[in-house]
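# Close look at the chain arrangement
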Amino acid sequence: MADMPSGFWSGWIIALTLSSLAGVAWLVWSIYYGRDLQEESEVEPVWDEDLEEGHNPPPLWWFWMLFGALIFTLVYIMLFPGLGNYSGVLNWSQGKRVADSYEDFQANFAEARAEVLNMSLVEIQNDLDLMDTAERLFRRECSACHGPDGRGQANMFPNLHDVDWQWGASAEQIEQSIRGGRNANMIAWQAILGDEGVEQVADYVVNLRQGVDESHPGRAMFQQNCVACHGMDGTGNPALGAPNLTDNIWLYGGDMDAVRETLQQGRFGVMPAFGERLDDMQIKLLIALLVR
Amino acid sequence: MNGLTFHRKVEENTGLLIFGILFVSAIGGLVQLMPVLNQESLETATANTRPYSAVELTGRDIYIREGCSVCHSQQVRPLVAELERYGPYSRAGEFVYDRPFLWGSKRTGPDLHRLAGKYSDDWHRIHLLDPRAVVENSIMPAYPWLAERAASETGNIEAKMTALRRLGHPYTDEEIANAESDLEGVMEIDALIAYLQMLGTGYSAEEESGE
């Protein structure tokens, strides 16, 4: 409550709280000790023949319990924020408590983190415990898209076990992919190539892996439009996220229908950035898990 | 007067007893609620918090209609485990344009307050239509109809934005006038994804110093 709207409301809280406490204290005290038994001995009414008010005081432990609660309350509101703008002797706040416990948490793991960060990837890969942690991390953070075993799914999220990585499979490239994310940008070619062009280029691309004749009708259009990203020979360019078209590994499918659809609609795969969500050690563990 | 005679007087006089009960039970509200109603920090938006766009607002209504908040909370609590799992804890100022807020109280699924940017739009689309296609042991229901209905059919967006403006959301005339055209061609699933992709973007780490 450190940001009370004004002094008035702070005073309002203090006055109401303290006067309530004083009122309760007075009530408790006077019921037990303020009572003059002589004065009470005036005529008591009697109901239903023999029913009258008893004169036994309530048990004393009641009194001490109530009084103890009052004292606890007073100590509590002195120590912790509760009385308007008064922030308490301990200067406690929820935000500070989280910050402190988070700091403790980080400090507890600082050594282990530093150790992992100083290890080489091969050393990490040889440490079964660390690889176990890495796998758990993968299941938690990556498996929703890449699948629990990392083999990709939904014809949209890449298999991480194969050898052809769209954005590169070196440690540096993987780190970049994890930290900054990736945004693939294969535009739609329908408007540029036209129906026939799409058909020819798709046929050219589908047949690329078994070698295509120089006289293929799609070759000219491929040379003109596709080589800037996919390279003269169609082997791709990891810097641009352009996949290799000459192997058997396809993200969206390598048959005629899939390639035609890719050409018609374009493909805009997104790998979200995890630089903010994961710390350096976690990223390093994931790299060790993924790199080969 | 001592406590006992006071007690007797109250017990013998019903009117006084009723008044006494009301007075005593009002004190808590007077102390807890009255100052909070005037507490500016609860009404001040955090720096990156903005009113929902027409599409996001529609997505939010779909989120409410489909009962997402029954299984997903939207509040990261200030606990270390939650900070590690979800990100910075939720701030009051992030919810000033939430009417009503969708904090929820049960996590059958994960908390969604820091969801923005965690998954791609494509992932959300697959996941909403068939959660098992991407998360094999998910128990979330599928929402296939979201892809079949136009977002503009969920209600009069201009009226919604006008009503919210009356409550203090700073929409411009232009935004309200363009609301309907913003929703053109947008399916319900697109609107919902737009909403999910801005959840929790109202907070930035630079504001941490103000805690």
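None of these values were measured; they are calculated from a predicted model.

We now examine the nonpolar core. A54(B), A191(B), L192(B) and Y195(B) are the most contacted members of the largest nonpolar core, which totals 24 residues. Those elements giving two or more residues to this core turn out to be helix 4 (54–65), helix 8 (157–166) and helix 10 (188–196) of chain B. For this core, the element with the most residues is helix 10 of chain B, which contributes seven residues. Listed in part, the 15 residues of the second largest apolar core include V198(A), Y204(A), F222(A) and V259(A).

This part covers the domain arrangement of chain B. The accessible area lost on association of the parts is a frequent measure of interface size. Structurally, chain B comprises domain 1 (3–37) and domain 2 (52–203). Using only C-alpha atoms to locate each centre, domain 1 of chain B and domain 2 of chain B end up separated by 44 Å.

Okay, the interface of chain B and chain A next. Facing the 30 residues of chain B at the interface are 31 residues of chain A. Ranked by residues supplied to the side of chain B that touches chain A, first place goes to helix 7 (residues 121–129) of chain B with four residues. Looking at the side of chain B that touches chain A residue by residue, the classes come out as 16 nonpolar, eight polar and six charged.

All names here are of chain B. For chain B, mean pLDDT is 91; residues scoring 70 or higher make up 95% of the total. Taking the mean pLDDT of every element in chain B, the minimum, 80, falls on helix 1 (residues 3–12) and the maximum, 97, on helix 10. Reported for the predicted complex are a pTM of 0.86 and an ipTM of 0.82.

Bringing the packing of helix 4 (residues 94–118) of chain A against helix 13 (residues 280–290) of chain A into the picture now. Residue and element names in this part refer to chain A. Contact geometry of helix 4 with helix 13 gives a least axis separation of 9 Å together with a crossing angle of 40 degrees. By the criterion of interaxial angle, the relationship of helix 4 to helix 13 is oblique. Judged by the sense of rotation from one axis to the other, the crossing of helix 4 with helix 13 is left-handed. Contact with helix 4, carried on its side by R113, V116 and L117, involves D280, M281, K284 and L285 of helix 13 and no other residues of that element. Class assignment for the residues of the contact of helix 4 with helix 13 results in four nonpolar, no polar and three charged.

What follows is about the environment of L121(A). Residue and element names in this part refer to chain A. Of note, L121 is situated in helix 5 (residues 121–126). For the pair L121 and V163, spaced 42 residues apart in the sequence, the C-alpha separation amounts to 19 Å. Discounting chain neighbours no more than four positions away, the residues touching L121 are A171, I287, A288 and V291.

About the thresholds
- Residues numbered from 1 in each chain as written.
- Chains lettered and ligands numbered in written order.
- Predicted model: local features only at pLDDT ≥ 70, side-chain atom pairs only at ≥ 80, totals over all residues.
- Core = buried A, V, L, I, M, F, W, Y, C linked by C-beta atoms within 7 Å.
- Buried ≥ 20, exposed ≤ 12 C-beta atoms within 10 Å, placed from the backbone.
- Helix = DSSP H or I, 4+ residues; strand = E, 2+ residues; numbered from the N terminus.
- Domains from an automatic or database assignment.
- Contact = placed C-beta atoms within 7 Å.
- Nonpolar A, V, L, I, M, F, W, Y, C, P; charged D, E, K, R; others polar.
- pLDDT = per-residue confidence, 0-100.
- Axes fitted to C-alpha atoms, helices over the stretch in contact; angles between N-to-C directions.
- Parallel < 35°, antiparallel > 145°, perpendicular 65-115°, else oblique.
- Left-handed = near helix turned anticlockwise from the far one by under 90°.

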